[in-house]
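Close look at the chain arrangement
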Amino acid sequence: MRPVTAWPQGPSELAVIPAGTAFTADDIVFYADQENRTLDEALQEATLIVSCPHSGSAVPEEVARHLVPEYTRRLQFDFTDLSTAPIVRAWATADRNVVYVENPHPRIVRDPNRAKPADVKATLREAFARVRAAGPLQRADLSGVDAIRPVTFSFYPLVKEPESEEDFDAMLEDFEAAGTLGVDVYEDTRRGLIARWRELHAGDGLRLTTLSFHDTMNTTTRPDGAVVVERAPADRLPNVVALSNRGTALGEPRVDAPGDGVTMDPARLRAVAGGFRAAFGQAFGAVPEDVALNTPYLGSQEIIEARDLNGGAVDALQAEFLREFLMGPEAVGVLHSPGGDWPSTDLDRAQRIAAACAAAWGGYTKGYLPNGPEAPGAAAGPDGRPVRSGGSQLVLA
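Residues numbered from 1 in each chain as written. Predicted model: local features only at pLDDT ≥ 70, side-chain atom pairs only at ≥ 80, totals over all residues. Heavy atoms only, no water.

Here the structure, examined in full by the defined rule, presents 32 salt bridges. Across the salt bridge formed by Arg 190 and Glu 302, the nearest N and O atoms sit 3.6 Å from each other. Highlighted residues: Arg 190 in helix 8 (residues 183–200) and Glu 302 in helix 10 (residues 301–309), separated in sequence by 112 residues. Each member of the pair, Arg 190 together with Glu 302, is buried. Between Asp 315 and Arg 207 there is a salt bridge, with the nearest N and O atoms lying 3.0 Å from each other. (Salt bridge = Lys/Arg side-chain N within 4 Å of Asp/Glu carboxyl O. Helix = DSSP H or I, 4+ residues; strand = E, 2+ residues; numbered from the N terminus. Buried < 20%, exposed > 50% of the residue type's maximum accessible area, 1.4 Å probe, protein only.)

Written out as structure tokens, the structure reads:
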């Protein structure tokens with residue numbers, strides 16, 4: 001069964017997946033002409049594997065029973081990247097460059113863009129302790145213990161803290177049982193797609209890129225549901241997207257983090273940014289500053305893992321889109337008002353953004369013709385000259 005990604009506006013109760021619902025790789029992988037091509041055939045043509053670790057929206061019933069009773073659908077969906085899934089599905093089903101894998105579970109179950117804890121119980125206990133110490137609705141530093149968060153990013157209560165050791169164990173059993181049916185399948189599928197692409201392309205000189213696709217609002221939620229609390233300036237996204245490789249604002253390695261190398265060559269990341277600036281400028285009137293690098297986010301677990309498990313043989317980047325841009329002004333207006341519901345998806349806008357993403361990726365790949373002339377509008381290198389490739393290695397023209 002395909003995960004639901006577009007919900008009608010109106011209901012404020014939680015969206016729930018029935019207990020025991022199991023997803024398979026066939027349910028969560030998308031690519032063009034899926035009825036007539038095998039997955040191997042799609043991977044043979046693909047240059048990009050896109051993943052949406054936070055796109056799942058409905059919560060498994062096994063987990064829902066442990067959530068606070070005042071948790072509304074708006075608070076639920078605000079804690080996801082719901083808007084990403086319709087866009088990337090539309091992109092993948094129209095662009096033979098792309099294979100897409102979608103997490104069917106929300107990050108409530110377990111966040112796959114965080115390292116999986118060796119001891120889930122201990123880290124969740126520590127998370128509860130930090131939240132308690134900070135006080136109700138106060139900011140708590142959950143760094144390193146947020147694979148399962150007991151509060152939202154607005155620090156609104158999410159998971160009920162168990163009253164006994166027995167209750168804690170029962171809760172973890174429910175979370176882990178649900179996870180095996182969805183988020184675990186997603187992680188295994190994503191890793192399998194990357195490994196299979198590398199098998200199919202062994203020795204052909206081509207290079208895979210993986211893209212972890214996200215969204216975030218520049219405001220957070222009040223208890224009444226209005227998403228109007230402005231983030232600190234340092235935490236705000238640009239007007240379209242931040243592209244990240246764990247580097248500097250130019251994509252270069254950070255001198256203060258020598259053990260944390262970039263996940264994509266800086267020149268290639270800048271070229272991808274050039275493709276996005278051109279495509280979103282043409283489609284939406286975006287200006288160059290609307291696409292930033294590593295600001296405010298460096299990128300998290302999915303791109304770190306792609307770098308570390310593949311020995312630098314795979315380019316990995318994270319895209320964090322501004323949710324206000326993805327949803328459009330009418331939907332944002334709904335979210336700026338108190339309430340418990342979530343606005344319906346603007347599918348026409350999703351299609352337009354998907355087309356711009358395809359144009360952006362096409363602009364990047366066309367700018368790297370092996371041993372050939374640069375394509376018109378090819379992305380520029382740091383000195384403004386066009387960038388092209390020599391085989392699989394990129395060089396400045």
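The next point concerns the packing of aromatic side chains. Counted according to the given criterion, the structure contains 14 aromatic pairs. Between Trp 361 and Tyr 364 the ring centres are 4.9 Å apart and the planes differ by 45°, which places this aromatic pair in the tilted class. With Trp 361 and Tyr 364 both in helix 13 (residues 347–366) and three residues apart, this pair spans about one turn of that helix. For Tyr 364, a relative accessible area of 7% corresponds to the buried category. Through pairs of rings, three or more aromatic residues link up here, namely Trp 91, Phe 213, Phe 276, Phe 280, Phe 284, Phe 321 and Phe 325. (Phe/Tyr/Trp six-rings, centres within 6.5 Å; stacked < 30°, edge-to-face > 60°.)

What follows deals with the sheet that holds strand 5 (residues 98–102). Pairing within the open sheet is mixed, and its seven strands lie in the order 2-5-3-6-11-9-10. In the strand order of this sheet, the two ends are held by strand 2 (29–31) and strand 10 (291–293), each with one partner. Averaged over all pairs of adjacent strands, the angle between their axes in this sheet comes to 25°, without regard to strand direction. By the bridge criterion, four bridges tie strand 3 (residues 48–52) to strand 6 (residues 209–216) in an arrangement that is parallel. Its bridge partner being in strand 6, Ser 51 is matched across the sheet by Ser 212. (Pairing = 2+ DSSP bridges. Axes fitted to C-alpha atoms, helices over the stretch in contact; angles between N-to-C directions.)

Below, the discussion takes up the state of the cysteines. If you walk through the whole model with that rule in mind, you get zero disulfides. In this model Cys 52 remains outside any disulfide bridge; the closest cysteine sulfur is found in Cys 357, 9.9 Å from its own. In this structure Cys 52 comes out as buried when scored by relative accessible area, which is 0%. (Disulfide = S-S within 2.5 Å.)

Grouped together as the largest cluster of nonpolar side chains are 44 residues, with contacts concentrated most on Val 50, Trp 91, Phe 213, Leu 243, Phe 276, Phe 280 and Phe 321. Among the elements that make up this core, the one with the highest residue count is helix 13 (eight residues). Not counting residues within four places of it along the chain, the set of residues in contact with Phe 213 comprises Val 50, Ser 51, Cys 52, Pro 53, Thr 84, Ile 87, Val 88, Trp 91, Ala 319, Phe 321 and Cys 357. In this structure, Val 63, Tyr 71, Leu 75 and Leu 124 belong to the second largest nonpolar core, which totals 23 residues. (Core = buried A, V, L, I, M, F, W, Y, C linked by side-chain atoms within 4.5 Å. Contact = heavy atoms within 4.5 Å.)

With that settled, the discussion passes to helix 10. All buried positions along helix 10 are accounted for by Glu 302, Ile 303, Ile 304, Glu 305, Ala 306 and Arg 307. Gly 311 sits one or two residues past helix 10 and shows a positive phi near 60°.

Mapped onto the secondary structure, Ile 28 falls in helix 1 (residues 25–28). Note on Ile 28: relative accessible area 0%, which makes it buried. Leave out the neighbours within four places in its chain, and Ile 28 touches Arg 2, Pro 3, Tyr 100, Val 101, Glu 102, Pro 104, Val 185, Tyr 186 and Thr 189.

Our focus in this paragraph is the side chain of Arg 349. Within the secondary structure, Arg 349 sits in helix 13. For the buried Arg 349, no salt bridge is present, and the opposite-charge side chain at shortest range is Asp 346, 5.7 Å distant. Among the polar contacts made by the side chain of Arg 349, one reaches the main-chain carbonyl oxygen of Leu 326 at a distance of 3.4 Å. Beyond its immediate stretch of four places on either side in the chain, Arg 349 contacts Phe 284, Phe 325, Leu 326, Met 327 and Gly 328. (Lys, Arg positive; Asp, Glu negative; His and termini not counted. Polar contact = N/O pair within 3.5 Å; in protein donor to acceptor, adjacent residues only side chain to side chain.)

The next subject is unusual backbone geometry. With an omega of 10°, the peptide bond between Thr 295 and Pro 296 qualifies as cis. Relative to the assigned elements, Pro 296 resides in the loop between strand 10 and helix 10. Phi at Phe 155 takes a positive value of approximately 65°, unusual for a residue other than glycine. For Phe 155, the position within the fold is in the loop between helix 6 (120–134) and helix 7 (165–181). Residue classification places Phe 155 among the buried residues on the basis of a relative accessible area of 10%. One non-glycine residue, Asn 294, lies in the positive phi region at around 55°. Structurally, Asn 294 can be placed in the loop between strand 10 and helix 10.

Another point: the environment of Ser 212. Along the chain, the position of Ser 212 falls in strand 6. For the pair formed by Ser 212 and Ile 49, sequence separation is 163 residues and the distance between their alpha carbons is 8.6 Å. Apart from residues no more than four positions distant in its own chain, Ser 212 is found in contact with Ser 51, Pro 53, Asn 113, Glu 302, Ile 303, Leu 317, Gln 318 and Ala 319. Within the structure, the side chain of Ser 212 is placed 2.8 Å from the side chain of His 214, a separation counted as a polar contact.

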